[in-house]
Amino acid sequence: MRYLKLVSILALAFFLTLGLSFAPTTAFAQKKFVVYFIPHAGMADPFWATQIKMAKRVAALLPDLELRVTAPETYSIKKQLDYLMAAIAAKPDAIIITISDAKAMDKPLRKAIKEGILVIAINIEDYRPPDKRIPYITYIGMDERISGSVLAEETYNRFHEMFGRYPKRAVIGIHQPGLICLEMRSDGIMRVSKKLNIPVEKLDITMDPTKAMEILRAYLAKHPDTEVIFTLGPCGSHPAIKLIKELGAKGKIIHACIDLSPKILEAIKEGITLVAVSQQPAFQAAQSVYTAYLYLKYGIIPPKIIPTGPTVVTKENLSVILRQVKTTGGA
Amino acid sequence: MRKALSSLLRLLLLRYEITCLLTLIALFAIGGYLNRALFDYYTLSTLLTFSAEVGIIAVGVAFLMISGEFDMSVGAVGALTAISFITLINSNLPGFLALLVSIGLACAIGLINGLITIKSGAPSFIVTLATAFTIRGILLIVTGGFPVSYKGAILPLSVRILGGSLPFGLRLSAIWFVVAVAVMTLVLEFTRYGNHVFATGGNPTVAREMGVNTSRVKLINFVLTSFFASLSGLFIVARLMSADPLLLTGAELEGIAAAVVGGCSLLGGYGSIVGAALGSVLISLIRVTLTLTGAPVVWYRSIVGGILVATALIDAVILRKLRQKFL
C-alpha cells in the first residue's frame with residue numbers, strides 16, 4: 001500500500017512536470033513564427049524520417065521559428081487529417097503539408113487559408129483541374145509533369161552516345177496503374193519516345209516483386225528487341241534490376257528509373273541502371289521550412305512551383321548523391 | 001448542507017466513471033493553461049468529431065467487455081465498411097442500399113466472431129484477432145494498398161445523415177455518438193437484458209444457472225460491437241470521402257483503453273458506457289492537446305499508456321480509501 005501511494009504520487013508529479021515543461025514554448029515564450037509540418041507518414045517511414053530530420057535541422061538555424069512536426073507513425077490519411085484539424089485550431093502562422101487526399105483536405109485547408117494561415121504543399125500536390133485546386137501558396141516537390149520526359153530524354157541521349165543510335169524498343173513497368181503521379185511519369189516517357197519514334201509500351205507489373213519479374217521476363221521473351229526498361233518507383237526498379245542481372249543482360253538492356261533506393265544506387269554503380277531521377281526529399285523539407293520563413297518574416301512570395309526534381313542521377317554524380325544519403329538519410 | 005455534500009460524494013464514489021472524469025477535467029485544465037485555443041469552439045467541435053469516431057467503437061467494445069469478451073477486429077470491420085460502402089456507391093448502387101449492405105456485412109462478421117468464439121470455446125481475443133488479420137489482408141489485396149475515394153462531388157444522403165457537417169464545425173456523428181451512449185446506457189442499466197449482460201460477464205456459470213442464455217447474450221453483443229464499428233467507418237467516410245485499407249488501425253486498442261479508463265473491468269461484469277464515452281473523449285483530448293502545444297506527437301501512445309496506469313492507480317489508492325471512508 002505504501003509503495004502504491006508513492007508510485008501514484010510520482011506518476012502524478014511526472015505528468016504535471018511533463019505538461020508544465022512545455023509551458024515556456026507556449027504560454028510565456030517570446031513570439032515566434034509557428035509552423036506545422038504535417039506529412040502523411042512519420043518517423044517509421046525512412047523517406048519521411050529523412051524529411052522530418054532535415055526540416056528540424058533547418059528550423060534549428062532560424063531562432064524565431066518554432067517547427068511543430070505532427071505526423072501519423074505510418075501512412076494514414078485519416079490521422080493526418082485529424083492532425084491538420086488540430087493544427088488549424090492552434091492558429092499557427094503556416095502549415096506545410098502533403099496533399100495526400102485533395103478532396104478530404106479541401107475544406108479544412110481552405111478554412112486555414114481563409115483564416116490567414118500560410119499553406120505550403122510538399123511532395124504531393126493537388127492534381128485536380130486548376131479551378132478546383134486548393135489555393136496553397138506553392139508546391140515544393142518533384143514536378144511530375146516533366147519527371148518522365150526528363151528521364152526519357154536523358155536515357156535516350158546517353159543510349160545514343162553509347163551505341164550511336166536510339167533504342168529499338170522500350171517498355172515502361174508501372175507498378176500501380178491509375179495512380180496519378182505514376183501515370184504522369186509514364187505519359188512523359190511516352191511523349192518523348194513518340195517524338196523519337198521509339199516503340200514503347202506500358203506494362204502493369206503489379207507491386208509484387210516476383211510477379212513483376214515474371215511479367216517483365218515474359219515481355220522480353222516476346223519482344224527480344226527491347227533495349228530499355230523504365231520503372232517508376234523502387235517497387236518496379238528492384239525486380240527489373242534483378243531480372244537484368246539474372247539474364248546477364250547488363251549493357252544489352254538498359255534500366256532507367258524514378259526515385260532512389262540503396263539497391264538502385266548500387267545498380268547505378270554497377271552500370272545496370274544508366275539514369276535515375278530523384279525528388280530529393282531532404283531538399284523538399286529544407287526548402288519548405290525556409291520558404292515559409294522567408295514569406296512570414298520578409299514577405300517574399302514563392303513561385304507557384306518550386307521543383308526539387310526531377311534531378312538526374314548517373315554514375316558521374318553518384319558520389320554527390322551518396323553524400324546526400326549519408327548526411328540526410330535519403331535521396 | 002454538509003449532509004447533502006456527503007450524499008453527493010457517496011453518489012460520485014459509487015460511479016465507475018469518476019476517475020476518468022477527474023482525469024479529463026485535469027487534462028482540460030493543463031491543456032487549456034498551455035494553449036487557450038483548446039477552449040475555442042472550433043477546437044471543441046474538432047474534439048467532439050474525433051471522440052465520436054473513437055467513441056462509437058468504444059461503446060460497442062465496452063458493452064462486449066462487460067459481458068466478458070473482447071473484439072480485436074473492430075478497426076478492420078470499420079475499414080471494411082468504409083471501403084465497401086465507397087465501392088458500392090462508386091458502382092452507382094443507391095446510397096441507402098449501399099449503407100444496408102455495408103452495415104450488414106459488418107454485422108455478419110460480428111456474428112461469425114460470436115459463433116466461432118462460443119462454439120469453439122476459443123478465447124475471443126484470438127478469434128477476433130484472426131478475423132482482423134483476414135479482413136486487413138483482403139482489403140490490401142483488393143485495394144492494392146491504395147485509398148479508395150468517392151468519385152462524385154457530394155456523398156449520398158444515407159451517409160451524410162450519419163456524419164454530415166453542421167454549423168460551428170460540428171458534425172452529425174457527434175450527435176449519433178451521444179444518442180448511442182444514451183441508448184446503450186439505458187439498455188445496460190435499466191433493462192433485463194442489461195442485467196443479463198452484467199451477469200454473463202460477472203459470473204457466467206451462476207448466470208446460466210439463473211436462467212440467463214449467456215451464449216445468446218454474447219452473440220448479440222458481438223453483432224452490436226461490429227455494428228458500432230461499422231458506424232465509425234461510415235462517420236469517417238462522411239468526413240473524408242475516402243478510405244484506405246489501413247483505416248482505423250489501432251482503433252481496437254484505443255476502444256479497449258477508453259473502456260478501461262472509463263471504468264470497465266478487463267475481467268467482465270463491471271463497467272459503464274458513459275465511462276467508455278468519457279474515456280474516448282480523454283484519448284482524443286490527448287491527441288489534440290499534444291498537437292496544440294507542439295509536443296512531439298510520437299509521445300501519444302506513451303501518454304495514453306501513462307494515463308491508463310495513472311487512472312488505475314488513482315482508483316486503487318485514492319478512491320478506494322474515499323469509498324472505505326464514506327460508503
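Residues numbered from 1 in each chain as written. Chains lettered and ligands numbered in written order. Predicted model: local features only at pLDDT ≥ 70, side-chain atom pairs only at ≥ 80, totals over all residues.

Colleague: Just to check I follow, could you spell out the overall build of chain B for this structure?
Modeller: Along its length, chain B carries 14 helices and 2 strands. For 327 residues, the compact-globule estimate of 2.2 N^0.38 gives 20 Å, and chain B sits close to it at 20 Å. Projecting the C-alpha coordinates of chain B onto the three principal axes gives extents of approximately 65 × 55 × 30 Å. Considering chain B as a whole, with its 327 residues, one finds that 53% of them fall into the buried category. Taking all contacts inside chain B whose residues are at least 6 apart in sequence as the whole, residues at least 24 apart take part in 78%. (Helix = DSSP H or I, 4+ residues; strand = E, 2+ residues; numbered from the N terminus. Rg over C-alpha atoms; globule rule 2.2 N^0.38 Å. Buried ≥ 20, exposed ≤ 12 C-beta atoms within 10 Å, placed from the backbone. Contact = placed C-beta atoms within 7 Å.)

Colleague: Would you mind showing me how to read the nonpolar core here?
Modeller: Within soluble globular proteins, side chains that are nonpolar generally end up buried alongside one another. One finds Ile96 of chain A together with Val59, Ala62 and Val237 of chain B to be the most contacted residues of the largest nonpolar core, which totals 154 residues. Setting aside chain neighbours within four positions, we find alanine 62 of chain B in contact with Ala259, Gly262, Cys264, Gly271, Ile273 and Ala276 of chain B. Counting 42 residues, the second-largest nonpolar core is a separate cluster that includes Leu203, Ile241, Ala267 and Val313 of chain A. (Core = buried A, V, L, I, M, F, W, Y, C linked by C-beta atoms within 7 Å.)

Colleague: Could you clarify how one ought to interpret the interface of chain A and chain B in this entry?
Modeller: A common way to express how large an interface is: the accessible area buried when the components associate. Across the boundary between the two partners, chain A contributes 37 residues, which contact 38 residues of chain B. Put simply, the parts of the chain that give the side of chain A that touches chain B at least two residues each are α1 (2-21), α2 (23-28), β2 (65-69), α4 (77-89) and α5 (102-114) of chain A.

Colleague: Explain helix α4 (residues 74-90) of chain B here, please?
Modeller: Residues and elements named next belong to chain B. Over its 17 residues, α4 runs 24 Å from end to end, which matches the ideal 24 Å to within 8%, given 1.5 Å per residue. Judged by how many residues are buried, α4 sits mostly within the fold: 14 of 17 residues are covered. A positive phi of about 70° marks asparagine 92, the residue just after α4. (Expected span 1.5 Å × (residues − 1).)

Colleague: When you look at the sheet that holds strand β8 (residues 228-231) of chain A in this model, what are you seeing that I'm missing?
Modeller: Adjacent strands of a sheet form backbone hydrogen bonds with each other and so pair up, either parallel or antiparallel. Residue and element names in this part refer to chain A. Strands sit in the order β7-β6-β8-β9-β10-β12 across an open sheet of 6 strands; the sheet is mixed. At either margin of the open sheet sits one strand with a lone partner, and together these are β7 (200-204) and β12 (311-313). Each adjacent strand pair in this sheet contributes to an overall mean axis angle of 20°, direction not counted. The pairing of strand β6 (residues 170-174) with β7 spans 5 bridges and is classified as parallel. Its bridge partner being in β7, isoleucine 172 is matched across the sheet by lysine 202. The strands that helix α8 (residues 209-222) touches are β6, β7 and β8; relative to β6, the one it contacts most, it runs at about 160°. (Pairing = 2+ DSSP bridges. Axes fitted to C-alpha atoms, helices over the stretch in contact; angles between N-to-C directions.)

Colleague: Sorry, what's going on with unusual backbone geometry here?
Modeller: In terms of backbone geometry, most residues other than glycine have negative phi values and most peptide bonds are trans. With an omega dihedral of 15°, the bond running from glycine 309 of chain A to proline 310 of chain A counts as a cis peptide bond. You can see proline 310 of chain A is positioned in the loop between β11 (305-309) and β12. Backbone geometry at glutamine 280 of chain A places phi at a positive 50°, although glycine is not the residue there. Mapped onto the fold, glutamine 280 of chain A is located in the loop between β10 (273-278) and α11 (281-298). Given 25 C-beta atoms within a 10 Å radius, glutamine 280 of chain A is considered buried. Residue phenylalanine 168 of chain B is not a glycine yet carries a positive backbone phi of 60°. Topologically, phenylalanine 168 of chain B is positioned in the loop between α7 (157-163) and α8 (172-190).

Colleague: Is there a simple way to explain the domain arrangement of chain A in this structure?
Modeller: On domain assignment, one finds that chain A holds domain 1 (31-136 + 281-309) and domain 2 (144-278). Taken over C-alpha atoms, the centre of domain 1 of chain A sits 32 Å from the centre of domain 2 of chain A. (Domains from an automatic or database assignment.)

Colleague: I keep staring at the packing of α4 of chain A against α5 of chain A and nothing clicks. Help me out?
Modeller: If you want to describe how two helices pack, look at the angle between their axes and the distance between the axes. Residue and element names in this part refer to chain A. Packing of α4 against α5 brings their axes to within 10 Å, and their N-to-C directions diverge by 15°. When the axes of α4 and α5 are compared, the pair comes out roughly parallel. In this structure, α4 meets α5 at a crossing whose hand is left-handed. Between α4, through Ile77, Leu81, Leu84, Met85 and Ile88, and α5, the contact on the second element is made entirely by Ala104, Met105, Pro108, Lys111 and Ala112. Class assignment of the residues belonging to the contact of α4 with α5 gives a composition of 9 nonpolar, no polar and 1 charged. (Parallel < 35°, antiparallel > 145°, perpendicular 65-115°, else oblique. Left-handed = near helix turned anticlockwise from the far one by under 90°. Nonpolar A, V, L, I, M, F, W, Y, C, P; charged D, E, K, R; others polar.)

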